[in-house]
Amino acid sequence: MSDKTKFVFITGGVVSSLGKGLASASLSSILQARGFKVRMRKLDPYLNVDPGTMSPYQHGEVYVTDDGAETDLDLGHYERFSGVPCHKTDSITSGKIYQRVIDKERHGDYLGATIQVVPHVTNEIKDFILSDITDEDFILCEIGGTIGDIEGQPFLEAIRQVAYDLGRERSMFIHVTLLPYIPTAGELKTKPTQHSVKKLQEYGIQPDMLLCRSQIEIPQNEKRKIALFCNIREENVIAALDVKSIYQVPIAYSHEGMDTQVCKHFGIECKTAPDLSKWEKIMETITHPEGEVRVAVVGKYTQLLEAYKSLNEALTHGGIANKYKVKIKWIDSERLEHEKPEDLLSDVSAILVPGGFGQRGTNGKIVAIKYAREHKVPFLGICYGMQMAVIETMQNVVGIKNAYTTELRPDCEPVVGLMTEWEKEGGKEKRSKDGDLGGTMRLGAYPCVISPNSLASKVYGTLNISERHRHRYEVNMKYEDMLKKAGMLIVGKSPDGKLPEIVEIPDHPWFIGVQFHPELKSKPFDPHPLFVSFIEAAISKSRLI
Ligand code: GLN
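Residues numbered from 1 in each chain as written. Predicted model: local features only at pLDDT ≥ 70, side-chain atom pairs only at ≥ 80, totals over all residues. Heavy atoms only, no water.

A. Spotlight on the environment of tyrosine 181. Tracing the backbone shows tyrosine 181 in strand 8 (residues 181–182). Given the relative accessible area of 29%, tyrosine 181 is considered partly exposed. Residue contacts for tyrosine 181: discarding those within four places in its chain leaves Gly186, Glu187, Leu188, Gln215 and Ile216. (Helix = DSSP H or I, 4+ residues; strand = E, 2+ residues; numbered from the N terminus. Buried < 20%, exposed > 50% of the residue type's maximum accessible area, 1.4 Å probe, protein only. Contact = heavy atoms within 4.5 Å.)

B. Just helix 14 (residues 362–374), in detail. For helix 14, spanning 13 residues, the distance from its first C-alpha to its last is 19 Å, which sits close to the expected 18 Å at 1.5 Å a residue. Buried within helix 14 are the following residues: Thr362, Gly364, Lys365, Ile366, Ala368, Ile369, Tyr371, Ala372 and Arg373. The positive-phi residue at the C-terminal boundary of helix 14 is lysine 376, with phi of around 55 degrees. (Expected span 1.5 Å × (residues − 1).)

C. Geometry of the pairing of strand 7 (residues 171–178). Burial within strand 7 is extensive, with 7 of its 8 residues counted as buried. Strand direction decides the pairing type here: strand 1 (residues 6–12) and strand 7, joined by 6 bridges, are parallel. Bridge pairing in strand 7 places phenylalanine 9 opposite phenylalanine 173. Where strand 7 and strand 10 (residues 209–214) come together, 5 bridges link them in parallel fashion. Pairing of threonine 177 across the sheet is with cysteine 212, part of strand 10. (Pairing = 2+ DSSP bridges.)

D. Seen up close, the site of the ligand. The ligand sits among Gly355, Gly356, Phe357, Cys383, Tyr384, Gln387, Glu407, Arg470, His471, Arg472, Tyr473 and His517. Protein coverage of the free-state accessible area of the ligand, which is 290 Å², stands at 99%. Across the shell around the ligand, the residue classes break down as 4 nonpolar, 5 polar and 3 charged. (Near = heavy atom within 4 Å. Areas by Shrake-Rupley, 256 points an atom, 1.4 Å probe, with all protein chains shown as cover. Nonpolar A, V, L, I, M, F, W, Y, C, P; charged D, E, K, R; others polar.)

E. Up close: the packing of helix 5 (residues 117–130) against helix 6 (residues 153–166). The interhelical angle for the contact between helix 5 and helix 6, taken along N-to-C directions, is 65 degrees, at an axis separation of 9 Å. Between helix 5 and helix 6 the crossing geometry is right-handed. Side by side, helix 5 and helix 6 meet where Val117, Val118, Val121, Thr122, Asn123, Ile125, Lys126, Ile129 and Leu130 of the first sit next to Pro154, Phe155, Glu157, Ala158, Ile159, Gln161, Val162 and Asp165 of the second. (Axes fitted to C-alpha atoms, helices over the stretch in contact; angles between N-to-C directions. Left-handed = near helix turned anticlockwise from the far one by under 90°.)

F. Focus on the sheet that holds strand 16 (residues 403–405). Overall, mixed pairing links the 3 strands, which are arranged 16-17-22 in an open sheet. For this open sheet the edge positions go to strand 16 and strand 22 (473–475), each flanked by a neighbour on one side alone. The average angle at which neighbouring strand axes cross in this sheet is 30 degrees, direction not considered. Note that strand 16 and strand 17 (residues 413–418) share 3 bridges and pair parallel. The partner of threonine 405 across the bridge, within strand 17, is valine 416. Those strands touched by helix 15 (residues 384–398) are strand 16, strand 17 and strand 22, and its axis lies near 160 degrees from that of strand 16.

Printed below as a string of structure tokens:
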């Protein structure tokens, strides 16, 4: 680590869901716009080792990095806003910290010592914060949860100590809070923020900046009051007003002076304004689209859109690339099990079936895929959606009614089955039926080779790609010929030819299924080619309906 690397710690107070992740990601992008090299990390106080085994209803989407970490969805924001790939070393939970401490204890590394939260757990957290850093100018560390959570305390103690060790000239604390608006009084309330800062001070942390979420403009006298009571410079009380699009946040924060004040804190001179043209261009397209296109997402977690965060964003990016607004019609796949598909799907120009696990709603997904195939509606199947697309063709075109996945029905015709071994970086990964569920899927980036002349090859413009994976089951290659006769081609495979990665139906305007998660790599300023092409196909279809 260079001794010029500076650390910004971001905490949240008052309530959860304040958009701390977005705030951190936006700060990273405005610091980048000033020419700095930035890296972002997330520290989550919950006890799971990683979010991989949590229900999306509990936690939202599980984001996967190239190196195969299953992480919090905030890492998706970080990558989308900064373009900097996150690694395993950028995401940690209490569970993982304790696991490390206990492993060391068993190994005898602390021989003779009584193992305690301070210093053993806090030291492990400090080691994580300071590890794997090269020449970055800024490391932004977001602490999950809300100030006052019991699980969060060791993390606050650890960041206090890091700031103490490095000195205030290399560390900064930003606290994200909420100023509730009380309509009957016509006032913004500052008291919860004051209490939250008091609580932080109890832990020995004096925030240097407050980022105050607010529905309305914060009057200067309120800023002054907050500054005085919270012991913060008035110009460091930054308003974070609600905005129309998340991609406006970097512009809005910079406008409020956030980057200038961060630089000032570290004694960095800011002579010019940051170059935010990239974000301005994106906002221009978002606010002045040439048209609107409706796309159905047929999934299981449609009640909680956080579960499909990256997907939602990737569709928006596909829209930005085509100068169109993408309107997503979220359809709970269970509805397709007892309602007519045309009643739910005839008003959309494309259908997407995302990743998933378990039986609920699965047959509804198959109904949606059949509709897309038969009505020539552009279709994109992702992971489980691709597996279901293959099952649909096997059931309804080949005629094997019992074709299914062994994930749900062990006695089926096993078109999709458990992967027991696969190649990874020259070696072999092996899994058994009775192994652990946590962290054991085929995770992270794997290469895929695309067949020439396929739609996928045109979409990507190359035959060699790398995409991120998160799955335990896989389409069985032995059905390739049967699928081919039924009009479905396997056009993307792992380099050893053993694992199908992409399927398509050539006799269809746009029908692609992918075993990987392209949504995880899409960025607003670098939209994923599959989403760009999928939305383009949807726009063409919309001109026909
Ligand atoms: N449940 C399927 C599997 O494990 C698909 C997973 C997914 O969609 N991410 O293979």
